[in-house]
Amino acid sequence: MNDSIRTANDQSYDVDTDIQSNTLLEPQRAHLQLAIDGMTCQACASRIEKVLNKKPSVYEVNVNFAGETANVDYDPAQTTPEQVAEWVNKTGFVANLQAADNLFAKTDKDTATEYPWRLIALWVCLVPFLVGMAGMLFGQGMAWMPPVWIQFILATVVQFGLALPFYKSAWASIKGGLANMDVLVVIGTVTIWAYSTYLWLTHGDGTLNSLLQNSHGGGHGPAVYFEAGVMVIAFVRTGKYLEERTKKHSLNSIDLLLSLTPDEVEQQQSNGDFHNVALQDVQVGDILRAKQGSRVATDGVVIGGSGWCVESHLTGESVPLKKEEGNELLAGALVENGSLLYRVSAKGSDTKLGDMVQALSDAQGSKANLARLADRVTAVFVPVVVAIAIVTFALTWWLTGTIDTALMHAVSVLVIACPCALGLATPAAIMAGMGVAARHGVWFKDAQSLEAAGNIDTVVLDKTGTLTVGKPTIVDQVMVDKSLPIDDVLQIAASVEAHASHPLATALINAATARNLSLLTVTDISVIKGAGIQANIEGLGLVKVGTAEFASLSLPKLMPKVWQIASTVAVSVNDEPLGAFALADDLKTDTSQAINALQDSGINVILMSGDKQSVVDHVAGQLGIEKAYGKMSPRDKASQIAVLQTAGHKVAMAGDGVNDAPAMATADASFAMFEGTDVAQHSASARLMGESLMHIDAAQKIAQATLRNIKQNLFFAFIYNCLGIPLAAFGFLNPMIAAAAMALSSISVLMNALRLTQFKMKVELDNTVSTSNLDSYDPSKT
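Residues numbered from 1 in each chain as written. Predicted model: local features only at pLDDT ≥ 70, side-chain atom pairs only at ≥ 80, totals over all residues. Heavy atoms only, no water.

## Side note on the overall build of the protein chain
Defined as follows: Helix and strand assignments come from DSSP, with helices taken as H or I runs of at least 4 residues and strands as E runs of at least 2, each series counted from the N terminus. Each residue is assigned to one of three classes by its accessible area relative to the maximum for its type, calculated with a 1.4 Å probe on protein chains only: buried under 20%, partly exposed between the two thresholds, exposed over 50%. Residue contacts are defined here by distance: any two heavy atoms, one from each residue, within 4.5 Å place the two residues in contact. Accessibility throughout is a Shrake-Rupley quantity obtained with a 1.4 Å probe, and a residue counts as covered only by protein chains that appear here.
Scanning the protein chain from N- to C-terminus turns up 27 helices and 24 strands. The proportion of buried residues among the 782 residues of the protein chain is 55%. A sequence separation of at least 24 residues applies to 71% of the contacts in the protein chain between residues at least 6 apart. Counting only carbon and sulfur atoms, one obtains 56% of the accessible surface of the protein chain, whose full area is about 32700 Å².

## What to know about the confidence of the model for the protein chain
Worth spelling out the cut-off: The pLDDT score gives, residue by residue, the confidence of the prediction method on a 0 to 100 scale.
Per-residue confidence for the protein chain gives a mean pLDDT of 79; residues scoring 70 or more make up 80%. Taking the mean pLDDT of every element in the protein chain, the minimum, 33, falls on helix α1 (residues 3-6) and the maximum, 94, on strand β13 (residues 458-461). Note on residues 100-113: pLDDT under 50 across the span, and 41 contacts to partners over four residues away in sequence or across chains. The model gives residues 763-782 a pLDDT under 50, and that stretch makes 44 contacts with residues more than four places away or in other chains.

## Description of the packing of aromatic side chains
Put simply, the test is: Between the rings of Phe, Tyr and Trp (Trp by its six-membered ring), a pair exists once the centres lie within 6.5 Å; its type follows the angle of the planes, with under 30 degrees stacked, over 60 edge-to-face, and the other angles tilted. Geometrically, a lysine NZ or arginine CZ counts as sitting over a ring once it is within 6 Å of the ring centre and also within 35 degrees of the ring normal.
Applying the stated criterion across every chain, the model contains 7 aromatic pairs. Seen from their ring centres, phenylalanine 152 and tryptophan 200 are 5.0 Å apart, and the 35° between their planes marks the pair as tilted. With phenylalanine 152 in helix α5 (residues 148-162) and tryptophan 200 in helix α7 (residues 181-201), this residue pair connects regions lying 48 residues apart in the sequence. Aromatic ring contacts, followed pair by pair, group Phe152, Phe160, Tyr167, Trp193, Trp200 and Phe226 into a single cluster. A cation over a ring is seen here: arginine 289 above phenylalanine 274, with NZ or CZ 3.9 Å from the ring centre.

## With respect to the sheet that holds strand β3 (residues 69-74)
Backbone-to-backbone hydrogen bonds pair the strands of a sheet. The strands run either parallel or antiparallel. Basically, it comes down to this: Being paired, for any two strands, means DSSP has found at least two bridges between them. In this description, a line fitted to the C-alpha atoms serves as the axis of each element, helices being fitted only across the stretch in contact, and the angle between N-to-C directions of two axes falls anywhere from 0 to 180 degrees.
The 4 strands lie next to each other as β2-β3-β1-β4, forming an open sheet whose pairing is antiparallel. Since the sheet does not close on itself, it has two edges, and those belong to β2 (58-64) and β4 (94-97), each with one partner. Strand-to-strand twist in this sheet, taken as the mean axis angle between neighbours without regard to direction, amounts to 25°. Looking at chain direction, β2 and β3 are connected through 6 bridges and run antiparallel. Among the inter-strand pairings, valine 63 is bridged to a residue of β3, identified as alanine 70. Packed on one face of the sheet, helix α3 (residues 81-90) meets β1 (30-37), β2, β3 and β4 and runs near 165° to β4.

## Focus on the pattern of salt bridges
For the record, the criterion: Any Lys or Arg side-chain nitrogen found within 4 Å of a carboxyl oxygen on Asp or Glu counts as a salt bridge.
For the structure shown, the criterion picks out 9 salt bridges. In this structure, glutamate 266 engages arginine 289 in a salt bridge whose closest nitrogen and oxygen atoms are separated by 2.6 Å. Taken together, the residues glutamate 266 in strand β5 (residues 264-268) and arginine 289 in strand β7 (residues 287-290) connect sequence positions 23 residues apart. Given the relative accessible area of 18%, glutamate 266 is considered buried.

## Things to note about the sheet that holds strand β15 (residues 522-528)
Sheet architecture is open: 6 strands sit in the order β14-β19-β18-β17-β16-β15, paired in antiparallel fashion. Edge positions in the open sheet fall to β14 (473-479) and β15, since each of these has one partner strand only. Strand-to-strand, the axes of this sheet are offset by a mean angle of 20°, without reference to chain direction. Note that β15 and strand β16 (residues 532-537) share 5 bridges and pair antiparallel. Bridging from a neighbouring strand, serine 526 pairs with glutamine 534 of β16. In this fold helix α19 (residues 503-514) packs onto β14, β18 (567-573) and β19 (576-584), with an angle of close to 100° to the strand it touches most, β19.

## A look at the side chain of threonine 466
Mapped onto the elements of the fold, threonine 466 is located in the loop between β13 and β14. Here threonine 466 falls in the buried class, since its relative accessible area comes to 0%.

## Side note on the nonpolar core
Put simply, the test is: Put simply, buried Ala, Val, Leu, Ile, Met, Phe, Trp, Tyr and Cys residues joined by side-chain atoms within 4.5 Å make one nonpolar core.
One finds Leu34, Ile36, Met39 and Val72 to be the most contacted residues of the largest nonpolar core, which totals 86 residues. Looking at this core, the element that brings in the most residues is α7, giving 10 residues. Once residues within four sequence positions are removed from consideration, valine 72 is found in contact with Ala30, His31, Leu32, Leu52, Val58, Glu60, Val61 and Val84. By size, the runner-up hydrophobic cluster in this structure holds 51 residues, among which are Ala429, Ala652, Ala698 and Ile710.

## A closer look at the packing of helix α26 (residues 694-729) against helix α27 (residues 735-754)
Let me state the cut-off plainly: These descriptions rest on fixed angle ranges, namely under 35 degrees for roughly parallel, over 145 for roughly antiparallel, 65 to 115 for roughly perpendicular, and the rest for oblique. Gly is put with the polar residues, along with every residue not named as nonpolar or charged; the nonpolar set is Ala, Val, Leu, Ile, Met, Phe, Trp, Tyr, Cys and Pro, and the charged set is Asp, Glu, Lys and Arg.
Close contact between α26 and α27 brings their axes to 9 Å; oriented N to C, the two are set at 170°. Accordingly, the angle class assigned to the pair α26 and α27 is roughly antiparallel. Each of Asn709, Gln712, Asn713, Phe716 and Tyr720 in α26 lies in contact with α27, whose residues at this interface are Ala738, Ala741, Met742, Ser745, Ser748, Val749, Asn752 and Ala753. Considering only residue class, the contact of α26 with α27 consists of 7 nonpolar, 6 polar and no charged.

Take a look at the structure:
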């Protein structure tokens, strides 16, 4: 819609119009998400970003190592999704396009769930070496170690067979201009293998008999280190396997959402019978049945039966909702009681669940500002580590005169260095945090939005539809001419308000409908910012509906109390005032609880509304809000938020109307209330999927917990490398211990991120609403 029209609700009367705009959005910018297979560390993600950012048709690229996805904004006039995928494939990875009806991008082969034959083979080759090392622990020396020629065969099979993926990844990264972790592993293990092979081949008299003898058993053979290279590869590959499983399953909330829809459904046939069919064969318009205990498979409308459904997967609210004929059903809802017959209105990615999955996938694939630091470090990490290893080798050889010691120290440096922990620190926490937020009915637009929400210290709230239910009703009226029928004035006002979408307009239309008043034809609709809406009605003239000032109405000073705490909508014809209506709106049940929760968390809560100051003060007094501003236009709200930001505050704005959009765009973080206008939801950095105001408190607390987790991960990753590399350089860690430590570093970061998935709000969210004392207010008793 045209924002210049839609933001007309500025002061005591807020109004939106339904007039469409011809303003075009950017036509030459398209979004694409790819599933990327083959990434082994953050350097891989950085390499893909580097390659795609060089393409003139690509505007922006975000590659998520933890989520194994790439979000690409590109010019569709210059390239195609297939071409973008091909560019990624040329870097040595496998890019899979998202199918039109898939809920999220899937790779052709799930490396996290396929049977790990290569890993099993690695450990089979490692077993003889582990037996030999056990002999060392039991005082047997090298007696239990297999002959050197067997060590050579096992190490060669591992190095140039089972470790082949390391070579492919390392070579692809070098071709791309950014060395990854696999380069370090390959350099270190090849060096160990080559040096040990050299010692073995040059030992003795060079005859076959001397090469095949059990050198370790006799105690006169060379000190080879084949076991070190095999163990490094086995430990690193084991760490990668566990890492992949954690990323794809434990951290991936998308899989949990997708499991909410059944594979098979009961479909009604033409003869009235029901048959089980595959969900993928269902079409829009089909009739399905959902029984007690089953899940609703698609979005639809109830055409028969009744029951109670839980939609907590979308709203975060566990209270069952009554569903009967004519009600909307959402895919994934649990039928807690009853049996429902419904007609399919949307399936797959077109459902609200599908929209949530796509939004969550996009958000998890975005990059937080905190991740930029890790990106800068990983960009130079591998070259720096290689340089340190070379210096370590040279200095150790010079100081000790022993090439064996120097080589082991250098290899330990190569092996223990781990850019993976740095690369996983932020995206792993973001994935977990986004999933937890979605479970609590909060959809963050991207990682930056979650990060901003975690830093806020001030929350600005709109009144109507945010603190209140958003369904005002007429509680009193006053007519300038007492002989003028109230129904006539209401009919005129409702006819004009039919072209607006604000709750006050809806209240007048509902009142007219309840009295069976037909709406008049209006023309020349126009919105006056901060005042109201006007239009022409044939036979009457220019009708204005809005503030008292806008309708040229002066209300008496001694009005009933309800007029001081209710919104006023006045009506005039040809600038002659006809009368006014007082409309009251009830507070949501948990509004007070949510305000207290925010304040207990140290958040400063401010109320800003376009309603008159007396109404705003009354609501603020009920809720214990110290700062409350009335008669605020959209520009006023945005300006006041800018003042707060200038004073050093991090501000979040929560609203539901078009008039809130400028303020939401100005704020550091913003929340669009459930069933808010499209413009408000587009402007917001997060959408609240339930009516409960506690979702704002949940969003803030989840975001804070996620930021703490990210900082913990980054601290551990930096400390690990800052301590591990020097310890390896000085010989305190051999290559095998270094490899185990490197594998554990990534796993520990993922385990810390997994703690976020256990986050639960202390207060159960519900979607019930209560009534305020205005419900029982009787104007005649004032």
